[in-house]
Amino acid sequence: MTAKIRLCVDHPLGTGQSVPLTEAQAHYLFGVMRLGAEGQVLLFNGRDGEWRARIAQAGKRGGLAECEEQTAPQRMPPDLWLVFAPVKKARTDFIVEKAVELGAARILPVQTDFTNSERIRQDRLQAHALEAAEQCGATHVPVVEDLAQLDKLLARWDEGRRILWADESRAGAAATLAGAAPGPWAILVGPEGGFSPSERARLSGLSHVTPISLGPRILRADTAACAALTLWQAALGDWT
Ligand code: SAM
């Protein structure tokens, strides 16, 4: 039988390794998915690749899985971060989910001058990232950082990491990354209200920031995040 259910665990994985399952994982596997003892799951932990495991114990409050065979090596995404201004809850959830699927290595919500939300539930967004990794076959779960202020983030930024600034004022210009150097990058996407004049002045003056158009139309922030990640991955990432 092919194991299809994937679970991210916080435990080392290797041949014969026993992996304890949490109450939430037991509820999902045995209650929701109706898996029982001897059933199979795929496990990953962000370090040891993906392993097929057999359920050795199935209980209401927990369980035990035993690793049998490695089914995929550990794969890290390219060194690409997504820096984005949170929008409404459902769209912010969407951005995090799609960032994981599209191969962002780290996710950094930022408060900009025109950001509507002053708070995010970092733990909830991290759980979304984990679930997205389980669904899409990734073996790495990007860290979702807590909300930071854009100006403070820029002040402590390591200039070795270039910033691809999705700049709505360039809508209509050619959307291209031709000639861009590989290496660590971050994509920056603004909120519904776009970037303020002072943010634009600051970003325009930074030599490690590359402004980019995402085509002739103004995209919603969640669409813009997906488009920018796609553009970067196709030009410099692991889609090439
Ligand atoms: N209120 C802004 C306006 O009317 O110009 C639009 C903001 S847009 C909804 C949200 C974010 O998506 C922008 O800050 C930018 O980062 C990105 N974005 C949307 N369309 C874009 C485009 N065509 N080119 C570059 N970035 C874009």
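Conventions and cut-offs
- Residues numbered from 1 in each chain as written.
- Predicted model: local features only at pLDDT ≥ 70, side-chain atom pairs only at ≥ 80, totals over all residues.
- Heavy atoms only, no water.
- Near = heavy atom within 4 Å.
- Polar contact = N/O pair within 3.5 Å; in protein donor to acceptor, adjacent residues only side chain to side chain.
- Areas by Shrake-Rupley, 256 points an atom, 1.4 Å probe, with all protein chains shown as cover.
- Nonpolar A, V, L, I, M, F, W, Y, C, P; charged D, E, K, R; others polar.
- Domains from an automatic or database assignment.
- Buried area = accessible area lost by both parts, 1.4 Å probe.
- Core = buried A, V, L, I, M, F, W, Y, C linked by side-chain atoms within 4.5 Å.
- Buried < 20%, exposed > 50% of the residue type's maximum accessible area, 1.4 Å probe, protein only.
- Helix = DSSP H or I, 4+ residues; strand = E, 2+ residues; numbered from the N terminus.
- Pairing = 2+ DSSP bridges.
- Axes fitted to C-alpha atoms, helices over the stretch in contact; angles between N-to-C directions.
- Contact = heavy atoms within 4.5 Å.
- Parallel < 35°, antiparallel > 145°, perpendicular 65-115°, else oblique.

**Observations regarding the site of the ligand**
Taken together, 20 residues sit near the ligand, with Ala166, Glu168, Glu192, Leu214 and Arg217 positioned nearest. Between an oxygen atom of the ligand and a side-chain N or O atom of Glu168, the distance comes to 2.8 Å. Here a nitrogen atom of the ligand and a backbone polar atom of Leu214 are 2.8 Å apart. Look at the ligand: alone it shows 580 Å² of surface, and the protein chains cover 84% of it. Class assignment of the residues belonging to the shell around the ligand gives a composition of 10 nonpolar, 5 polar and 5 charged.

**Here we look at the domain arrangement of the protein**
One can read the domain layout of the protein as domain 1 (6–72) and domain 2 (80–236). Each of domain 1 and domain 2 has a C-alpha centre, and these two points are 33 Å apart. Buried surface at the junction of domain 1 and domain 2, summed over both partners, amounts to about 590 Å²; 60% is from carbon and sulfur atoms. Within the side of domain 1 that touches domain 2, the residues separate by chemical class into 3 nonpolar, 2 polar and 2 charged.

**A few points about the nonpolar core**
The biggest cluster of nonpolar side chains holds 37 residues, and the ones touching the most others in it are Leu82, Ile187, Val189, Leu229 and Trp232. Broken down by secondary-structure element, the contributors of at least two residues to this core are strand E6 (80–84), helix H2 (89–101), helix H3 (122–136), strand E10 (162–166), strand E11 (185–189) and helix H6 (221–236). With 17 residues, the next largest nonpolar core counts Val9, Leu21, Phe30 and Trp51 among its residues.

**Focus: the sheet that holds strand E1 (residues 6–8)**
Ordered by their spatial adjacency, 5 strands build an open sheet running E1-E3-E4-E5-E2, and the pairing between neighbours is mixed. Unpaired on one side and paired on the other, E1 and strand E2 (18–21) mark the two borders of the sheet. Taken pair by pair, the neighbouring strands of this sheet meet at an average axis angle of 40°, ignoring direction. For E1 and strand E3 (residues 40–44), the ladder comprises 3 bridges, and the chain directions are parallel. Pairing of Arg6 across the sheet is with Leu42, part of E3. Of the strands in this sheet, E1, E2, E3, strand E4 (50–58) and strand E5 (63–72) are in contact with helix H1 (residues 23–32), which crosses E2 at around 90°. Along the sheet face, H3 touches E1 and E3 and points at about 145° away from the line of E1.

**Describing the packing of H2 against H6**
Helix-helix packing: each pair is described by the crossing angle between the helix axes and the interaxial distance. Look at H2 against H6: their axes get within 9 Å of each other, and the N-to-C directions meet at 10°. As summarised for this structure, H2 and H6 are arranged roughly parallel, according to the angle between their axes. Across the interface between the two elements, Arg91, Phe94, Ile95, Lys98 and Ala99 of H2 pack against Ala221, Asp222, Ala225, Cys226 and Leu229 of H6.

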